[in-house]
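Here is what each chain is made of, one letter per residue.
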Amino acid sequence: MTHLPRALFATGLKNAHAMENQAISIMKPQLRRIEFYPEVTEKLEEHIRETEGQIARLEGVLKELEEDHSTLKDAALSFSGSVAALGHIFAEDEIVKNAMANFAFENFEIAAYKSLITLAEYAELPALATPLRANLEEELAMARWLEDNLPALTTKFAALQQHGANAKV
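Residues numbered from 1 in each chain as written. Predicted model: local features only at pLDDT ≥ 70, side-chain atom pairs only at ≥ 80, totals over all residues. Heavy atoms only, no water.

Q: Quick rundown of the packing of helix H2 (residues 38–64) against helix H4 (residues 94–122)? Include the residues and the values.
A: Contact geometry for H2 and H4: axes closest at 14 Å, N-to-C directions at 25 degrees. It follows from the interaxial angle that H2 and H4 lie roughly parallel. The two elements H2 and H4 cross, and the hand of that crossing is left-handed. Within the contact between the two elements, H2 uses Val40, Leu44, His47, Gln54 and Leu58 and H4 uses Ile95, Asn102, Glu106 and Tyr113. (Axes fitted to C-alpha atoms, helices over the stretch in contact; angles between N-to-C directions. Helix = DSSP H or I, 4+ residues; strand = E, 2+ residues; numbered from the N terminus. Parallel < 35°, antiparallel > 145°, perpendicular 65-115°, else oblique. Left-handed = near helix turned anticlockwise from the far one by under 90°. Contact = heavy atoms within 4.5 Å.)

Q: Just give me the short version of the pattern of salt bridges, but keep the residues and values in it.
A: Here the idea is simple: oppositely charged side chains can pair when their charged atoms come close. Counted according to the given criterion, the structure contains eight salt bridges. Put simply, Glu46 and Lys43 hold a salt bridge, and the shortest N to O gap is 3.2 Å. Taken together, the residues span about one helical turn, with Glu46 and Lys43 both in helix H2 at a distance of three residues. Judged by its relative accessible area of 28%, Glu46 falls in the partly exposed class. Between Arg57 and Glu138 there is a salt bridge, and its shortest N-O distance comes to 2.8 Å. Remark: Glu138 occurs in helix H5 (residues 129–162) and Arg57 occurs in helix H2; sequence separation between them is 81 residues. You can call Arg57 partly exposed: its relative accessible area is 26%. With relative accessibility at 19%, the residue Glu138 sits in the buried group. (Salt bridge = Lys/Arg side-chain N within 4 Å of Asp/Glu carboxyl O. Buried < 20%, exposed > 50% of the residue type's maximum accessible area, 1.4 Å probe, protein only.)

Q: With reference to specific residues and values, describe the confidence of the model for the chain.
A: Looking at the chain as a whole, its pLDDT mean stands at 90, while 87% of the residues score no less than 70. When mean pLDDT is taken per element in the chain, H2 scores highest with 97 and helix H3 (residues 71–86) scores lowest with 65. (pLDDT = per-residue confidence, 0-100.)

Q: Explain the environment of Ile24 residue by residue, including any values.
A: Assignment of secondary structure puts Ile24 in helix H1 (residues 4–33). The spatial distance from the C-alpha of Ile24 to the C-alpha of His47 is 9.0 Å, given a sequence separation of 23 residues. Setting aside residues no more than four positions away along its own chain, Ile24 makes contact with Pro29, Thr51, Glu52 and Ile55.

Q: Describe unusual backbone geometry, naming the residues involved and giving the relevant values.
A: Within the chain, Glu66 stands out as a residue other than glycine whose phi angle is a positive 60 degrees. A relative accessible area of 74% places Glu66 in the exposed class. If you check the backbone angles, Glu124 has positive phi at about 60 degrees while not being a glycine. If you trace the backbone, Glu124 turns up in the loop between H4 and H5. Take Glu124: its relative accessible area is 57%, and that puts it in the exposed class.

In structure tokens:
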């Protein structure tokens, strides 16, 4: 086997590392703005901790490959995540828009980890897929939570709005 599968895997890991930094830069500003949704605050705090663990696992896999994360990719995606987080602050239904965007992003992360696991196996590095499976399971759990809670969150937002409360976050 050539070195190409390993190189593709390493590139994917660097992209995933940047993606997780982007996720943190999206979630932290949301967390600072939430007032009326303690269940969302709690889940975002939990998932930020998980994401920090995911970054550490990715760094461990990169170290096994004698690779390092891309500081430029990390910075670029962190910046774009911060900008994305600002995109909903002007929306009257900011909390709902954030939940929908978070659900979409979680599904992007799920696809990324499924692809990375496949690349690890293709590159004949199956042991390096184990930490990626842990990351995948956390992303699947967050996506399930968002999917399960979006109707209740939307209903709570609508009820607060109906009763004259500033329910946007």
